[in-house]
Amino acid sequence: AERLAGKTVFITGASAGIGQATAKEYLDASNGQIRLILAARRLEKLQEFKEQTSKNYPSAQVHIGKLDVTEIDTIKPFLDKLPKEFQDIDILINNAGKALGTEKVGDIADEDVEGMFNTNVLGLIKVTQAVLPILKRKNSGDVVNVSSVAGREAYPGGSIYCATKHAVRAFTESLRKELIDTKIRVISVDPGNVETEFSMVRFRGDSEKAKKVYQDTVPLYAEDIADLIVYATSRKQNTVIADTLIFSSNQASPYHLYRGS
Ligand code: 8X3
């Protein structure tokens, strides 16, 4: 926790789910001795979070900003406009991401293909490109890419989502190798099923279908992933938690889910 004190953490997709839980975990782990840059499309959600935070942790510095990582031209201006004390980013959490639908190849809407690639791949790459020079100048810092078990094992009905997460995995591995002569750490966090808005988004608001994903299992919760992210980024400088696959105890692959019978 001491190692987190005074750090500046930039989280994309911070309005809900793993992103918001990670923001909260950084506050808890540092006892509010941290600077958070929280970016998302839904500014109202960030606003609510910030209000709560300022009650619980009056010392914490939280900057919120509207950012859609698919709007490439807005990423640099977002960073350029950060208040001075937030400009020196130490930890980038590339969390914004989504799955849209479970249609099979031939039936997938172009806008879903593009929606997933734009956010999960192009958005993540462009945010990383924009932030990396800041880390390189200091020769330190962490890049955490929130990927998925879908980046390791592809499954039917997930061709595009799995392709985006495989792309993230390749990008992450290249980046870690490129930065071998620096103190910058590149960390991959690959969750299985986590109970968040993820399934509501994938099933376009169909709560019955979304609930079924987690039914009769004990899923992971956003807090569990947040815990891993904060753990990984608060290790000693000589330690890189490079590559993590994280499941609930009821899951062993995209296909292996124990539902209690
Ligand atoms: C979320 C996990 O199995 O739905 O990334 O792809 S899965």
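Residues numbered from 1 in each chain as written. Predicted model: local features only at pLDDT ≥ 70, side-chain atom pairs only at ≥ 80, totals over all residues.

In the vicinity of the ligand, the contacting residues are Ser148, Val149, Ala150, Gly158, Gly192, Asn193 and Pro254. A breakdown of the residues in the shell around the ligand according to their chemical character gives three nonpolar, four polar and no charged. (Near = placed C-beta within 6 Å. Nonpolar A, V, L, I, M, F, W, Y, C, P; charged D, E, K, R; others polar.)

The contact between helix H1 (residues 17-30) and helix H8 (residues 222-232) brings their axes to 8 Å, and the two run at 55 degrees. Relative to H8, H1 is oriented oblique. Where H1 crosses over H8, the handedness of that crossing is right-handed. The residues of H8 that touch H1, namely those facing Gly17, Ile18, Ala21, Thr22, Lys24, Glu25, Tyr26 and Ala29, are Ala222, Glu223, Ile225, Ala226, Asp227, Ile229 and Val230. (Axes fitted to C-alpha atoms, helices over the stretch in contact; angles between N-to-C directions. Helix = DSSP H or I, 4+ residues; strand = E, 2+ residues; numbered from the N terminus. Parallel < 35°, antiparallel > 145°, perpendicular 65-115°, else oblique. Left-handed = near helix turned anticlockwise from the far one by under 90°. Contact = placed C-beta atoms within 7 Å.)

The end-to-end C-alpha distance of helix H2 (residues 43-56), which contains 14 residues, comes to 20 Å, matching closely the 20 Å that a straight helix rising 1.5 Å per residue would cover. Those residues of H2 lying buried are Leu46, Phe49 and Thr53. In an axial view of H2, the angular spread of the buried residues amounts to 65 degrees, which keeps them on one side of the axis. Turned more than 90 degrees away from the buried face of H2 sit Glu44, Glu51, Gln52 and Lys55, all of them exposed. Looking at the buried residues of H2, the elements they touch are H1, strand S2 (35-40) and strand S3 (61-66). (Expected span 1.5 Å × (residues − 1). Buried ≥ 20, exposed ≤ 12 C-beta atoms within 10 Å, placed from the backbone. Arc of directions from axis to C-beta.)

The next thing to look at is the sheet that holds strand S9 (residues 243-246). Spatial ordering of the open sheet is given by S3-S2-S1-S4-S5-S6-S9, a layout of seven strands whose pairing is parallel. Two strands close off the open sheet at either side, each with one partner strand: S3 and S9. Going from strand to strand, the sheet's axes swing by 15 degrees on average, the running direction of each strand aside. Across four bridges, the pairing between strand S6 (residues 184-191) and S9 is parallel. The residue bridging Asp190 from the neighbouring strand is Leu245, located in S9. Contacting S2 and S3, H2 runs over the sheet at an angle of about 170 degrees to S3. (Pairing = 2+ DSSP bridges.)

With that settled, consider the environment of Ile93. For Ile93, the location among the structural elements is in strand S4 (residues 91-94). Overall, Ile93 belongs to the buried group, with 31 C-beta atoms counted inside 10 Å. As for Ile93 and Val240, which are separated by 147 residues in sequence, their C-alpha atoms are 15 Å apart. In this structure, Ile93 is in contact with Val9, Phe10, Ile11, Thr12, Thr22, Val144, Val146 and Ile229, ignoring residues within four places of it in sequence.

Let's shift gears to unusual backbone geometry. One non-glycine residue, Asn31, lies in positive phi territory at about 55 degrees. Along the chain, Asn31 turns up in the loop between H1 and S2. A tally of 13 C-beta atoms within 10 Å means that Asn31 is categorised as partly exposed.

Attention now goes to the packing of helix H4 (residues 110-138) against helix H5 (residues 159-178). One can describe the packing of H4 onto H5 by two numbers: an axis separation of 9 Å at closest approach and a directional angle of 15 degrees. Considering their axes alone, H4 and H5 lie roughly parallel with respect to each other. As for how H4 packs across H5, the hand of that crossing is right-handed. Counted together, Asp112, Val113, Met116, Phe117, Asn120, Val121, Leu124 and Ile125 of H4 and Ile160, Tyr161, Thr164, Lys165, Ala167, Val168 and Phe171 of H5 form the full contact between these two elements. For the contact of H4 with H5, the per-class residue count stands at 11 nonpolar, two polar and two charged.

Without other data, these values stay purely geometric and don't point to any function.
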